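Structural characterization, general
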Amino acid sequence: MHRQGPALFRTHQRPSSVMTRSDLVEALASRFSQLTHRDAEFAVKAILDAMGDALVKGHRIEIRGFGSFSVNRRSPRIGRNPRSGESVMIPEKRVPHFKPGKALREQVDAKTAEILGREPKNMA
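Numbering of residues begins from 1 in every chain and follows the order in which that chain's sequence is written. The predicted nature of this model means local features are confined to residues of pLDDT at least 70 and side-chain atom pairs, given and counted, to a pLDDT of 80 or more, with totals for whole chains, interfaces and linings taken over all residues. The side-chain numbers reported here are obtained from all heavy atoms of the structure, hydrogens and water having been left aside.

**A closer look at the pairing of strand β4 (residues 87–90)**
The pairing criterion is simple: DSSP has to find at least two bridges between the two strands. The helix and strand labels rest on DSSP assignments: H or I over at least four residues marks a helix, E over at least two residues marks a strand, and numbering proceeds from the N terminus. Across four bridges, the pairing between strand β3 (residues 77–80) and β4 is antiparallel. Directly across from Arg80, in β4, lies its bridge partner Ser87. Two successive antiparallel strands, β3 and β4, enclose a turn made up of six residues, where Gly85 displays a positive phi of approximately 80°.

What follows is the structure, encoded as structure tokens:
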């Protein structure tokens, strides 16, 4: 078994570029001072639960300017067990899919360009 030296001593802290559910609750509670932390937590849970339920039922979710969520079908296929090399049948799956909206893509592209110190691409 090959081990890398410094990797053994890494802590399992999440990178600062990851937003978790609790971070989202904190952001909502701080943006809207009339909401208690518990209310913000309830709102985030309610929205995520409603989105999950809609996707489970096969519905499409579209949030203008942000993006759309849908369910894609993955056909059954034959894969390989990496350990033994044996063929394995992988069943059909339905998986959630996110497609960013134009406004979100443009925001991300502009921020990336700002970070890299270049002009954003022209979205034609």
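**Some thoughts on the packing of aromatic side chains**
Only the six-membered ring of Trp is used, alongside the rings of Phe and Tyr, when aromatic pairs are assigned; centres must lie within 6.5 Å, and planes under 30 degrees apart are stacked while those over 60 apart are edge-to-face, with the rest tilted. Counted under the stated rule, the structure contains two aromatic pairs. Taken together, a centroid distance of 5.5 Å and an interplanar angle of 50° make the contact between Phe66 and Phe98 tilted. Here the residue Phe66 occupies a position in the loop between β1 (61–63) and β2 (67–74), and Phe98 occupies one in strand β5 (residues 93–100), the gap between them amounting to 32 residues. Here the aromatic cluster, defined as three or more aromatic residues joined through ring pairs, consists of Phe66, Phe69 and Phe98.

**Here's the deal with the pattern of salt bridges**
Each reported salt bridge corresponds to a side-chain nitrogen of Lys or Arg within 4 Å of a carboxyl oxygen of Asp or Glu. Enumeration according to the criterion identifies five salt bridges in this entry. Between Glu62 and Arg64 there is a salt bridge whose closest N-O contact spans 2.2 Å. Each member of the salt-bridge network shares a partner with another, and the members are Arg60, Glu62 and Arg64.

**Let's talk about helix α3 (residues 102–116)**
Between its terminal C-alpha atoms α3 stretches 21 Å, which fits the 21 Å expected from 15 residues at 1.5 Å a residue. Buried within α3 we find Leu104, Asp109 and Ala113. Considered in projection along α3, the buried side chains sweep an arc of 165° and stay on one side of the axis. In α3, the exposed residues that point more than 90 degrees away from the buried face are Gln107, Glu114 and Ile115. Residue contacts are counted whenever heavy atoms from the two residues lie within 4.5 Å of one another. Buried residues along α3 sit in contact with β5. A helix is expected to reach a length of 1.5 Å times the quantity of its residues less one. Relative accessible area decides the class of each residue, using a 1.4 Å probe on protein chains only: under 20% of the type maximum gives buried, over 50% gives exposed, and in between gives partly exposed. Working definition: the arc comes from the directions between the helix axis and the C-beta atoms, pointing outward to the latter.

**Section: the environment of Asp39**
Relative to the helices and strands, Asp39 is located in helix α2 (residues 37–56). Placed 14 residues apart in sequence, Asp39 and Val25 show a C-alpha to C-alpha distance of 9.0 Å.

**Side note on the environment of His37**
Summarising the element assignment, His37 is placed in helix α2. A sequence separation of twelve residues divides His37 from Val25, and the C-alpha atoms of the two residues are 7.2 Å apart. When sequence neighbours within four positions are dropped, the list of residues in contact with His37 reads Val25, Glu26 and Ala29. Reaching out from His37, the side chain makes a polar contact with the side chain of Glu26 at a distance of 2.8 Å. Any pair of nitrogen or oxygen atoms within 3.5 Å is treated as a polar contact; in protein, a donor-acceptor pairing is required on top of that, and neighbouring residues in sequence qualify only through side-chain atoms on both sides.

**Quick notes on the confidence of the model for the chain**
On a range of 0 to 100, pLDDT expresses the predictor's confidence in each residue. Chain-level pLDDT for the chain is 87 on average; 83% of the residues reach the 70-or-more range. Scored below 50 in pLDDT, residues 1–11 makes one contact in the model with residues more than four places away or belonging to other chains.

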